[in-house]
Amino acid sequence: HPPCTYLSNVGVQHLHKDFCRWIKMDSARVFFMKLWGSKIKKVCIENPIPHYYCGLPDYSQIVSPNLFGQLAMKKTCLWLRGLPLLKKTNFVKIPIEMKYRHPKRGTLNGSNWYHMLSPKERSKARSTMFEGIADAMADQWG
């Protein structure tokens with residue numbers, strides 16, 4: 001799990017506001033590539049959808065917690081080597097009526113659950129690995 005703060009598509013908007021973020025992005029990319037280029041036979045690197053500027057290789061698969069029994073959506077990329085694609089275990093349809101009211105953003109659906117949190121809480125919550133995905137990894141690859 002390389003730190004995603006500087007690699008994620010969500011954070012790309014901040015690159016042009018602070019030059020230091022470009023340096024941190026490059027360091028995060030170097031760390032990612034060390035993991036990816038290692039001689040370990042079975043590798044799974046998990047991160048959100050990356051932005052173009054970081055120059056990461058193409059991911060192998062995108063998963064979401066609702067494919068693994070959880071009532072949430074969050075696109076998560078997997079870079080796999082020596083492992084099969086992760087198979088969904090318990091698809092949960094996000095009900096259309098599952099809506100949240102946010103004072104500034106209006107109505108949000110199940111995929112925007114994190115907008116209900118403060119910016120500090122949101123950052124921590126979005127970086128958390130969902131248990132359903134982790135259980136599927138352990139069961140299928142363990």
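Here, every reference points to the structure presented above.
Cut-offs and rules
- Residues numbered from 1 in each chain as written.
- Predicted model: local features only at pLDDT ≥ 70, side-chain atom pairs only at ≥ 80, totals over all residues.
- Heavy atoms only, no water.
- Helix = DSSP H or I, 4+ residues; strand = E, 2+ residues; numbered from the N terminus.
- Expected span 1.5 Å × (residues − 1).
- Contact = heavy atoms within 4.5 Å.
- Polar contact = N/O pair within 3.5 Å; in protein donor to acceptor, adjacent residues only side chain to side chain.
- Buried < 20%, exposed > 50% of the residue type's maximum accessible area, 1.4 Å probe, protein only.
- Pairing = 2+ DSSP bridges.
- Core = buried A, V, L, I, M, F, W, Y, C linked by side-chain atoms within 4.5 Å.
- Phe/Tyr/Trp six-rings, centres within 6.5 Å; stacked < 30°, edge-to-face > 60°.
- Arc of directions from axis to C-beta.

Draft legend 1. Main features of helix H1 (residues 19-36). For H1, spanning 18 residues, the distance from its first C-alpha to its last is 26 Å, which sits close to the expected 26 Å at 1.5 Å a residue. Packing partners of the buried residues in H1 comprise strand S1 (43-47) and strand S3 (76-81). Capping the start of H1, Asp18 holds a side-chain oxygen 3.0 Å from the backbone nitrogen of Cys20, two or three residues further along.

Draft legend 2. Expanded view of the pairing of S3. Of all six residues in S3, five are buried, a share of seventy percent or more. With three bridges connecting them, strand S2 (residues 61-63) and S3 associate as antiparallel partners. Looking at S3, one finds that Gln61 is bridged to Leu78.

Draft legend 3. Structural context of the environment of Ser64. Looking at where Ser64 falls in the secondary structure, it is placed in the loop between S2 and S3. Since its relative accessible area comes to 9%, Ser64 is described here as buried. Distance from Ser64 to Phe130, taken between C-alpha atoms, is 8.8 Å for residues 66 residues apart in sequence. From its side chain, Ser64 meets the backbone nitrogen of Lys74 in a polar contact 3.2 Å long.

Draft legend 4. The arrangement of the nonpolar core in detail. Of all hydrophobic cores here, the largest spans 13 residues; its most connected members are Leu7, Phe32, Trp36, Ile45, Leu56 and Trp79. Counting only elements with at least two residues in this core, the list comes to H1, S1 and S3. No other element matches the four residues that H1 contributes to this core. Core analysis: the next-biggest nonpolar cluster, separate from the first, contains twelve residues, Phe68, Leu86, Ala136 and Met137 among them.

Draft legend 5. Representation of the packing of aromatic side chains in the model. As enumerated under the stated definition, the model contains four aromatic pairs in all. Both rings, one in Trp22 and one in Tyr53, keep their centres 5.4 Å apart while their planes meet at 65 degrees; by these two values the pair is edge-to-face. Placement of the pair is Trp22 in helix H1 and Tyr53 in the loop between S1 and S2, with a sequence separation of 31 residues. Since its relative accessible area comes to 25%, Trp22 is described here as partly exposed. With a centroid separation of 6.1 Å and 70 degrees between ring planes, the pair formed by Tyr52 and Tyr53 is classed as edge-to-face.

Draft legend 6. Looking closely at helix H3 (residues 131-141). Among all positions of H3, only Gly132, Ile133, Ala136, Met137 and Trp141 are buried. Axial view of H3: buried residues confined to an arc of 140 degrees, hence all on one face. Away from its buried face by more than 90 degrees, H3 exposes Glu131 and Asp139. Looking at the buried side of H3, the elements it contacts are S1, S2 and S3.

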